[in-house]
Amino acid sequence: CDSPSYDWNECVAIEDRDLAMDDFKCDQWITGAVAGFQALEVVATMLIIWLLPRLTKAIPSSLAGIVLGTVIEFAIVRPAGYETPTVGDLGSIKGSFPIPVWLDDQYKDLLPSLSDPETYRICLPVSATMAVIGLVESLMTLQLVGQITNKKP
């Protein structure tokens, strides 16, 4: 990738095979019919998100927008022979459910002992501080909601 014939995006794609970015270049613009279809999906989704709450609160507008975009993609775009880019085109979304660190054998020697008082001496002040910060943020949010709705909490 030190050759002047490569650009940075090609070097990343060549060197990082784990992310499956071999054919994707960040500097390519989407043009033509694919750009038009993508714009149609975006505008339709934005209109649903904006208009649906005015008509009904029974269906979350964001969910309806996602469903409409999916319907447009699979009922209009793909049958027409086109395909708009998806998250899977940018990188691999494959994976597995993570194993909790305390059950994973590779971390067995790195975890502190719960019977050691030193562990609590280190963790207790930090956890108490975080708990107080969470409590203060919750109270501030409650006060703000009370001010906006003109109701006392």
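For the structure itself, consult the block above.
Computed from a prediction, not measured in an experiment: that's the story for all the values here.

With respect to the packing of aromatic side chains
Okay, so step 1: Taken as a whole, this structure holds one aromatic pair when the rule is applied.
Okay, so step 2: Centre to centre, the rings of F37 and Y82 are 5.5 Å apart; their planes meet at 50 degrees, and the pair counts as tilted. Pair noted here: F37 is in helix α2 (residues 32-55) and Y82 is in the loop between α3 (61-77) and α4 (87-90), with a separation of 45 residues, a long-range link.
Okay, so step 3: Classification of Y82 as partly exposed rests on a relative accessible area of 36%.

Thoughts on the pattern of salt bridges
Okay, so step 1: Applying the stated criterion to the full structure yields three salt bridges.
Okay, so step 2: Put simply, E118 and R121 hold a salt bridge, and the shortest N to O gap is 2.7 Å. Separated by three residues within a single helix, E118 and R121 lie in helix α5 (residues 117-149), roughly one turn from each other.
Okay, so step 3: Salt bridges sharing partners connect three or more residues here, namely E73, R78 and E83.

Calculation rules
- Residues numbered from 1 in each chain as written.
- Predicted model: local features only at pLDDT ≥ 70, side-chain atom pairs only at ≥ 80, totals over all residues.
- Heavy atoms only, no water.
- Phe/Tyr/Trp six-rings, centres within 6.5 Å; stacked < 30°, edge-to-face > 60°.
- Helix = DSSP H or I, 4+ residues; strand = E, 2+ residues; numbered from the N terminus.
- Buried < 20%, exposed > 50% of the residue type's maximum accessible area, 1.4 Å probe, protein only.
- Salt bridge = Lys/Arg side-chain N within 4 Å of Asp/Glu carboxyl O.

Remember, this is a structural readout, not a statement about activity or role.
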